[in-house]
Amino acid sequence: QVVKSTAGRLYGWYLGSPAGVDQYLQVFNVSATTSIALGTTVPDMSFFVPTLGGANVPAAGPGIGFGTGIVIAATTTAAGSTAAASALRTNIFYA
């Protein structure tokens, strides 16, 4: 999913997994989903979200720069190609 199709900054996130399995949020420095091949393209960042848990970083500080864009994908492994078993709840703070 495209968060931002141009350069931007990631300031924080709230991630929640309603699934009975661990999930991951992969983050890519690209402008479109067509620019990545899950399982082949190495994510710039990958966040672990535990079973029925969350991974949260409140919006603060200078943020993390992405020179091209911000695209995310929910998967079953940190750099894998298998889509998450159920929707990963995401709130992404960016500019």
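Structural notes, computed from the coordinates. On a predicted model such as this, the values are computed, not experimentally measured, just so you know.

**Let's talk about the environment of A74**
Part 1: As for its position among the elements, A74 is in strand 7 (residues 70–75).
Part 2: We classify A74 as partly exposed; its relative accessible area is 28%.
Part 3: In sequence terms A74 and K4 are 70 residues apart; their C-alpha atoms lie 16 Å from each other.
Part 4: Beyond its immediate stretch of four places on either side in the chain, A74 contacts Y24, L25, T82, A83, A84 and L88.

**Quick look at the nonpolar core**
Part 1: Judged by nonpolar contacts, the single largest core of 14 residues is most densely connected at W13, L15, L25, V27, F47, I72 and I92.
Part 2: Listed by contribution, the elements that provide at least two residues to this core are strand 2 (8–16), strand 3 (23–28), strand 4 (45–49) and strand 7.
Part 3: Counting residues per element, this core draws most heavily on strand 2, at 3 residues.
Part 4: Those residues in contact with V27 that lie beyond four places of it in its chain are P43, D44, M45, F47, F66, I70, V71 and I72.
Part 5: By size, the runner-up hydrophobic cluster in this structure holds 5 residues, among which are F28, V30, I36 and A73.

**Things to note about the environment of L25**
Part 1: By secondary structure assignment, the location of L25 is in strand 3.
Part 2: With 23 residues separating them in the primary sequence, L25 and F48 have C-alpha atoms 6.7 Å apart.
Part 3: Each residue touching L25, except ones within four places of it in the same chain, is listed here: L15, M45, S46, F47, I72, A73, A74, L88, T90 and I92.

**Describing the sheet that holds strand 7**
Part 1: The sheet built from 4 strands is open, its strands ordered 1-7-3-4 with antiparallel pairing. This sheet does not close on itself; its edge strands, each paired only once, are strand 1 (2–4) and strand 4. The average undirected angle you get between the axes of adjacent strands in this sheet is 25 degrees.
Part 2: One ladder, built from 5 bridges, connects strand 3 with strand 7; its direction is antiparallel. Following the sheet pairing, L25 is matched in strand 7 by A74.

Criteria and cut-off values
Numbering of residues starts from 1 in every chain and runs along the sequence as written. Whole-chain, interface and lining totals are the exception, using all residues; otherwise, since this is a predicted model, local features are given only for residues with pLDDT of at least 70 and side-chain atom pairs are given and counted only at 80 or more. Note: side-chain values were computed over all heavy atoms of the structure, leaving out hydrogens and water. The helix and strand labels rest on DSSP assignments: H or I over at least four residues marks a helix, E over at least two residues marks a strand, and numbering proceeds from the N terminus. Relative accessibility thresholds used throughout: buried, under 20% of the residue-type maximum; exposed, over 50%; partly exposed, between the two (1.4 Å probe, protein chains only). Any two residues whose heavy atoms approach within 4.5 Å at even a single point are treated as in contact. Put simply, buried Ala, Val, Leu, Ile, Met, Phe, Trp, Tyr and Cys residues joined by side-chain atoms within 4.5 Å make one nonpolar core. A pair of strands is labelled paired if DSSP reports no fewer than 2 bridges between them. Axis geometry follows a simple rule: fit a line to the C-alpha atoms, using only the stretch in contact for helices, then measure angles between N-to-C directions, giving values from 0 to 180 degrees.

So, to be careful, I would describe these as geometric facts and stop short of saying anything about function.
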